[in-house]
Structure formats: C-alpha cells, structure tokens
Amino acid sequence: MRLENLMSLLVLGALALVGQNCAGERPAAEDSQPMTAEPVIVGPYALGEGVIYRVEGEAREALAALPGAGMASDTLRECGEDFQRVIEVRFKRLTLSPDSLWAAWETLGPGACVGVVGPADPWVQVLGQWSAARSDSVLWAPAGRYIAVWLAHARGRSLWVFDGYEGQRLVMPWDEDCAYSNDCDVVRVMWLGGTLLNVEIRLGPAELSVPFEVNVEATPRVGAREENQ
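Everything quoted here is computed from the prediction, not taken from an experiment.

Colleague: Explanation requested: the sheet that holds strand 1 (residues 40-42) in the structure shown.
Modeller: Working definition: the strands of a sheet are paired by backbone hydrogen bonds and lie parallel or antiparallel to each other. Read across the sheet, five strands follow the order 1-2-3-4-5 without closing on themselves; strand pairing throughout is mixed. Taken across any chain shown, the strands that pair with only one partner, and hence form the sheet edges, are strand 1 and strand 5 (74-75). Where strand 4 (residues 59-65) meets strand 5, two bridges bridge the pair, whose relative direction is parallel. The residue bridging Ala65 from the neighbouring strand is Thr75, located in strand 5.

Structure below.
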C-alpha cells in the first residue's frame, strides 16, 4: 500500500472517532435547566421549584412541598409519589384570588395536579389530580371562592369547577353530555361576574358549540375528589 493512501486512511479513522465522541454528548434539555433559587412572591405566598411558602415580612414558612423537594408541614405525595420520575414534577404557578387571601397552584410534569393554599386550616388542599391531562389555566370567580380549572387532553379540553375553600368539585350541566363523548371539547370559558360562569362546549369536530350559563354558587357538590383518566 502506498504511503499516501495509508496516511489518508489514518486521517479518516481519526475523524470518524471524533464524530462518534461528539455524537455521544447530548446537550442539556431545556426542562433540565436549573430554576432560580429565589422563590417568586405572589401576594402573601411564595412559590419555589417544589415548595409553597407563606410570607410574613422577611420570614417564610414552608407550607407544602412536592415529594423530594424539601421539608414542609405538608408533603403533596399524591402529586408525585405515583410517578416513576418524580423529579420532573414541579410547581407551575400561583394564581391569586380576588381578595388576595387565597391562591390556586398547579404542577408541571407527568400528569397534572391543582390545588389551593389559603389562610385557614387546612392551609393547603389538592383539588384534583389527572393522569392523562395537564392544566391549561385556572380561573377564579370574580366573587372569589370558586375556581374553574381548564384541562388540556389529547383530544380536546375539559372544565372542572371547584369550591376552592371547601376543596369540593361542583356538578356542572355539561358533565353528563361530555361523559358520553370522547370528542367533547370546552371551547370557551368566561366568568360574567360574581359567581356566574359562561361556557361553550362542542361534542364533536363537526358539531356546533352549545352555550351554558351557570350560577356555580347554586350547584351541588360531587363529594369525594375524583381522578379524571
């Protein structure tokens, strides 16, 4: 073999080895970037990556923590314990109530968990946990107390309404219609004032939307918290 050919083969082999080494180095995923260590203050509460605090002046009291996130009065095990990759579950945001005394919280990661933190015992409550949905938005009623949780699914969106103070789900007139349709999609949600809620649903891609107007203060409670599969 000629010397020139041998040198060419050696160079090509070295380049291939470098390429293999570079291909094995994966850039860090965006979700794995560390969040700020300083909690975000929302009214009388503060939200860290995995802990909710009560804020009084310069003092902070840890009220609730996700599994593995740290020490607190309450560990929200149902919002992470059942998942294999608990470390991926973290808080998404706090949404302050109109009177600024309560706040609704949501989690990110596998599944979705929504709850409230407030001034009365129990300080923290889980309203719902869904294994096949994620929270799209949380909307407080203008009068406070009641919360509409808009959930995104693979095939559409659903809406659950809660008495946030009592931690109970309310029975809505569209619940029965949507129970018999996999294509049920809540296309519009708006609080009209006080406790009056306006909602439009579509039972299928080719269906016209159907409007509902509900005074949630007058609706019955479902009772025990349920999980939406």
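This is not the end of the story, as more comes after the structure.
Colleague: Help me understand the environment of Asn215 in this model?
Modeller: Position of Asn215 among the secondary structure elements: in strand 16 (residues 210-215). Considering only alpha carbons, one finds Asn215 and Leu192, 23 residues apart in sequence, at a separation of 9.8 Å. When neighbours within four sequence positions are excluded, Asn215 is seen to be in contact with Thr195 and Leu196. Here the side chain of Asn215 touches Thr195 through a polar contact of 2.5 Å, side chain to side chain.

Colleague: Just to check I follow, could you spell out the state of the cysteines for this structure?
Modeller: Working definition of a disulfide: a covalent bond connecting the sulfur atoms of two cysteines. Evaluated as defined, the whole model comprises two disulfides. Linked covalently through their sulfurs, Cys79 and Cys113 form a disulfide whose S-S length is 2.0 Å. Where Cys79 bonds to Cys113 through sulfur, the torsion about that S-S bond is close to -55°, and the disulfide is left-handed. Taken together, the residues span a long stretch of sequence, with Cys79 in the loop between strand 5 and strand 6 (90-96) and Cys113 in strand 8 (residues 112-117) at a distance of 34 residues. With a relative accessible area of 1%, Cys113 lands in the buried category. Disulfide partner of Cys178: Cys184, at an S-S distance of 1.9 Å. The disulfide pattern of the chain is 1-2, 3-4 when the bonded cysteines are numbered in sequence order.

Colleague: Would you take a moment to explain the packing of aromatic side chains for this structure?
Modeller: Each aromatic ring pair is summarised here by two numbers: the centre-to-centre distance and the angle between the ring planes. In the structure shown here, the tally under the stated rule is six aromatic pairs. Where Trp130 meets Phe162, the ring centres are 6.5 Å apart and the plane angle is 70°; that geometry is what we call edge-to-face. You can see Trp130 sitting in strand 9 (residues 124-130) and its partner Phe162 sitting in strand 12 (residues 157-163), a full 32 residues away along the chain. Accessibility expressed as a relative area gives 0% for Trp130, which makes it buried. Residue class for Phe162 comes out buried when judged on its relative accessible area of 1%. Judged by centre distance (5.8 Å) and plane angle (65°), the rings of Trp174 and Phe212 are edge-to-face. Here Phe212 lies in strand 16 and Trp174 lies in the loop between strand 13 (168-169) and helix 2 (175-179), a separation of 38 residues in the sequence.

Colleague: Teacher, can you tell me more about the pattern of salt bridges here?
Modeller: It is possible for side chains of opposite charge to pair when their charged atoms get near one another. Overall, the coordinates contain eight salt bridges when judged by the stated rule. For Arg169, the salt bridge identified is with Asp175, shortest N-O distance 3.5 Å. Exposure remark for Arg169: the relative accessible area of 13% places this residue in the buried category. Connected through salt bridges with shared partners, the residues Arg145, Asp163, Glu166 and Arg221 form a single ionic network.

Colleague: I'm lost on the pairing of strand 7 (residues 103-108) in this one. Help?
Modeller: Side-chain positions along a regular strand alternate between the two faces of the sheet. The buried fraction of strand 7 is high, at five of six residues. The pairing of strand 6 with strand 7 spans six bridges and is antiparallel. Looking at the pairing, Leu94 lines up with Trp105 of strand 7. Counting the residues in the hairpin turn of strand 6 and strand 7 gives six residues, including Ser100, whose phi is positive at 65°. As paired elements, strand 7 and strand 8 share four bridges and run antiparallel to each other. Following the sheet pairing, Ala103 is matched in strand 8 by Val117.

Each value, and the rule that gives it
- Residues numbered from 1 in each chain as written.
- Predicted model: local features only at pLDDT ≥ 70, side-chain atom pairs only at ≥ 80, totals over all residues.
- Heavy atoms only, no water.
- Pairing = 2+ DSSP bridges.
- Helix = DSSP H or I, 4+ residues; strand = E, 2+ residues; numbered from the N terminus.
- Contact = heavy atoms within 4.5 Å.
- Polar contact = N/O pair within 3.5 Å; in protein donor to acceptor, adjacent residues only side chain to side chain.
- Disulfide = S-S within 2.5 Å.
- Buried < 20%, exposed > 50% of the residue type's maximum accessible area, 1.4 Å probe, protein only.
- Phe/Tyr/Trp six-rings, centres within 6.5 Å; stacked < 30°, edge-to-face > 60°.
- Salt bridge = Lys/Arg side-chain N within 4 Å of Asp/Glu carboxyl O.

Read these as layout, nothing more, since geometry by itself doesn't imply function.
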